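Breakdown of the fold
One-letter residues, chain by chain:
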Amino acid sequence: MWQWFHKLGSPRWFYQISGKFLPWLALASVVLIVTGAVWGLAFAPEDARQGNSFRIIYIHVPASFLALAGYYVMAAAGAVGMIWKIKLADMVMVAAAPLGAALTFIALFTGAVWGKPTWGTYWIWDARITSMLVLLFLYIGIIALSHSFSTRESSARACAILALVGTVNIPIIYKSVDWWHTLHQPATIKLSGAPSMHPDMFKPLLVMILGFYCFYVLVLLLNTRTEVLLREGRTNWVKDLAQPK
Amino acid sequence: MTTLKGAFFGLILRDLSVALRHRGDLLNPLFFFLIVATLVPLGISPESARLAAMAPGMIWISALLATLLALDDLFQADFADGSLVQLVLSPQPLWLLVLAKIIAHWLVTGFPVVLFSPLLGLMLSLPKEGFLPLLLGLVLGTSVFSLLGAVGAALTVALHKGSALLSLLVMPLYVPVLIFGTSAVQRAIDGMSYGGVMALLAAASGFTLLVAPFAAAGALKVGING
Amino acid sequence: MFQFENLDAFMSMGGHGPYVWGSYGLSLVIMGWLALAPLRRQRVLLTKLHQRLQAKDRRMQGERNEGS
């Protein structure tokens, strides 16, 4: 059992196995996202209140989802790396940070653009967007910290600690911002209209969420593989990769 | 052989006497606090009504920034002369020593801010109902700022230009405290009961008090190898 | 089931065209970059490693020839 666990932590094994999954993940991501996007853009019914701008939801919601989930992935990887000293987990954590930050940015950007035709302003301090902004700061902090340390090991430990502290805080931050928002604007329309969505509008959203999940795993694997190559450059198997015989 | 209690109080006293020797530095966060609060009417509007509307938030934000400004001093000076490494290597539990440093630090940064907050309330036309929740809230809030800030300060202690990064790291963590603190004051001003919010704030500081010293100790061990 | 009368209406999205297409466009660009950048990095890494190893081999060859 421990042998399997150790094998799981071997960068070389990871590199070889993940290579096999990549083409399928890429295919799944492309198919799901293109299908969902076309469906949402062209075939889902128009929203009575918001008109066609609501179609942005098909990018905004999946991106926000993955941005938040991605933070937990990053923190969990950091925790595994710190507790069990598995280098591969540290690499996953480092790989997850810029990916999560980019998705958070997409969520913020699409949210702001959606706001303009809906409420007449690009920025509105509602609970969702404000929490997303704080999440972006958390990600940027981790990325900045990871670049500041001289050794890779201390860098990984520091980021793991910070990520874990942030994890505890995320639900608190979200709840408090949510509460703060209701204090100041009790009667605004909420961005997350999912429960009151017509099923014809909801189905393409599901497809997009699935597609984004596949995309996330795909890019996470790609980034982790890059980290593996970067760090294991002195090993024979990487050297063999560089010089195909 | 130093006892646990001896080490704890000894460290607090030592940090306090070092801080008192540089009395100029002591006043920095305080002056910053007062300066920000003075700039607000100048930059926005001296109208009493408008100031009163902004007062809870402005005072809290100034307190937050003043604490952030002072966080560098928590570990930097000791790191520079090597005594921080001695602390980490000492047989006393590191979390206890870290807690001692945080307490000493709060006494010379957060505590003066709390003491002067009524003055700021006066200058910014804070309605009288707001003063008590402001004081209580800031006591709890500034302690959380110091405790959480210590984790960030520990992580960045060895880094060049660590202070900018420090602000970035701890800012998201301060958000809930800021929200709860200002709404407690606002509720009091609006005539509502603020006990619930204050209890939340107290719970948050209690939790942070329990967890942060350990997190900061762990962070310190990582940070000095930066 | 196609919700728009013609391609023009599709492009303009009832006036919301720039918002919708702007969002989708930028997101597509960012996501494409997210997927392609690591591939490029890996290629660069392996190429550099290849060059370094070649250089080392040539040096070792040179030393061996000098020795004999």
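No experiment lies behind these values; they were computed from the predicted model shown.

Moving on to the overall build of chain C. Within chain C one finds two helices and zero strands. The C-alpha atoms of chain C give 27 Å as radius of gyration, which overshoots the globular expectation for 68 residues (11 Å, by more than 25%). Relative to its full complement of 68 residues, chain C shows a buried share of 13%.

Within chain B one finds 10 helices and zero strands. Traced from its N-terminal end to its C-terminal end, chain B shows the element sequence α-α-α-α-α-α-α-α-α-α. Expected size for 226 residues packed as a compact globule is a radius of gyration near 17 Å; at 18 Å, chain B falls within 12% of this value. Seen through its C-alpha atoms, chain B measures out along the principal axes to roughly 60 × 35 × 30 Å. Restricting the contact set of chain B to residue pairs at least 6 apart, pairs at least 24 apart contribute 81%.

Residue-level contacts link 21 residues of chain B with 25 residues of chain A. Those elements that provide at least two residues to the side of chain B that touches chain A are helix 8 (131-155), helix 9 (162-189) and helix 10 (195-223) of chain B. Sorting elements by how many residues they give to the side of chain B that touches chain A places helix 9 of chain B first, with 11 residues. Class assignment of the residues belonging to the side of chain B that touches chain A gives a composition of 16 nonpolar, five polar and no charged.

When the two pairs of chains in contact are compared, the highest contact count belongs to chains A and C. In this assembly chain B lies apart from chain C, the nearest approach of their C-alpha atoms being 24 Å.

Facing 34 residues of chain A, the contacting portion of chain C comprises 28 residues. Elements with a minimum of two residues in the side of chain A that touches chain C: helix 2 (11-43), helix 4 (87-119), helix 7 (199-231) and helix 8 (236-242) of chain A. Of the residues in the side of chain A that touches chain C, the class split is 21 nonpolar, eight polar and five charged.

The subject of this paragraph is helix 6 (residues 94-108) of chain B. Residue and element names in this part refer to chain B. Spanning 15 residues, helix 6 covers 22 Å between terminal C-alpha atoms, matching the ideal 21 Å at 1.5 Å per step. Counting buried positions over the 15 residues of helix 6 gives 11, a clear majority of the element. Of the positions making up helix 6, those classed as buried are Leu97, Val98, Leu99, Ala100, Lys101, Ile102, Ile103, Ala104, His105, Trp106 and Val108.

What follows deals with unusual backbone geometry. Although it is not a glycine, Lys85(A) adopts a positive phi angle of roughly 55°. Inspection of the secondary structure puts Lys85(A) in the loop between helix 3 (57-84) and helix 4. Notably, Ser125(B) is not glycine yet its phi reads approximately 55°, a positive angle. By the element assignment, Ser125(B) lies in the loop between helix 7 (110-123) and helix 8. Ser125(B) gets classed as partly exposed once you count the C-beta atoms within 10 Å, which come to 17.

Residues and elements named next belong to chain B. Where helix 8 meets helix 10, the axes come as close as 7 Å, and the angle between the chain directions of the two elements is 20°. Viewed along their axes, helix 8 and helix 10 adopt a mutual orientation that is roughly parallel. Once helix 8 is placed against helix 10, the crossing between them reads as left-handed.

Moving on, we come to the packing of helix 1 (residues 4-21) of chain B against helix 6 of chain B. Residue and element names in this part refer to chain B. One can describe the packing of helix 1 onto helix 6 by two numbers: an axis separation of 9 Å at closest approach and a directional angle of 35°. Crossing geometry of helix 1 relative to helix 6 is assigned as right-handed. Each of Leu4, Ala7, Phe8, Leu11, Ile12, Asp15, Leu16 and Ala19 in helix 1 lies in contact with helix 6, whose residues at this interface are Leu96, Leu97, Ala100, Lys101, Ile103, Ala104, Leu107 and Val108. Here the residues of the contact of helix 1 with helix 6 are counted per class, giving 14 nonpolar, no polar and two charged.

All names here are of chain A. In this fold, valine 30 is placed in helix 2. By C-beta crowding, valine 30 is classed as partly exposed, having 15 other C-beta atoms within 10 Å. When the C-alpha atoms of valine 30 and phenylalanine 212 are compared, they prove to be 9.4 Å apart, with 182 residues separating the residues in sequence.

Here the focus is the confidence of the model for chain C. Across chain C, pLDDT averages 85, with 97% of residues at or above 70. ipTM for the predicted complex: 0.84, alongside a pTM of 0.82.

Bringing the environment of Pro41(B) into the picture now. Residue and element names in this part refer to chain B. Within the secondary structure layout, proline 41 lies in helix 2 (residues 23-43). A residue is classified by how many C-beta atoms lie within 10 Å of it, and proline 41, with 18 of them, is partly exposed. Separated by 83 residues in sequence, proline 41 and leucine 124 place their C-alpha atoms 7.6 Å apart. Ignoring any residue separated from it by four or fewer positions in sequence, one finds proline 41 in contact with Pro46 and Leu51.

For the rest of this paragraph, the subject is the environment of Gly110(B). All names here are of chain B. Mapping glycine 110 onto the fold places it in helix 7. Distance in space between the C-alpha atoms of glycine 110 and serine 143 is 6.9 Å, their sequence separation being 33 residues. Not counting residues within four places of it along the chain, the set of residues in contact with glycine 110 comprises Thr67, Thr142, Ser143, Phe145 and Ser146.

Time to look at the confidence of the model for chain B. The predicted model of chain B averages 88 in pLDDT, with 99% of residues at 70 or higher. Mean pLDDT in chain B bottoms out at helix 2 of chain B, which sits at 81, and peaks at helix 8 of chain B, which reaches 94.

The rules behind these values
Residues numbered from 1 in each chain as written. Chains lettered and ligands numbered in written order. Predicted model: local features only at pLDDT ≥ 70, side-chain atom pairs only at ≥ 80, totals over all residues. Helix = DSSP H or I, 4+ residues; strand = E, 2+ residues; numbered from the N terminus. Rg over C-alpha atoms; globule rule 2.2 N^0.38 Å. Buried ≥ 20, exposed ≤ 12 C-beta atoms within 10 Å, placed from the backbone. Contact = placed C-beta atoms within 7 Å. Nonpolar A, V, L, I, M, F, W, Y, C, P; charged D, E, K, R; others polar. Expected span 1.5 Å × (residues − 1). Axes fitted to C-alpha atoms, helices over the stretch in contact; angles between N-to-C directions. Parallel < 35°, antiparallel > 145°, perpendicular 65-115°, else oblique. Left-handed = near helix turned anticlockwise from the far one by under 90°. pLDDT = per-residue confidence, 0-100.

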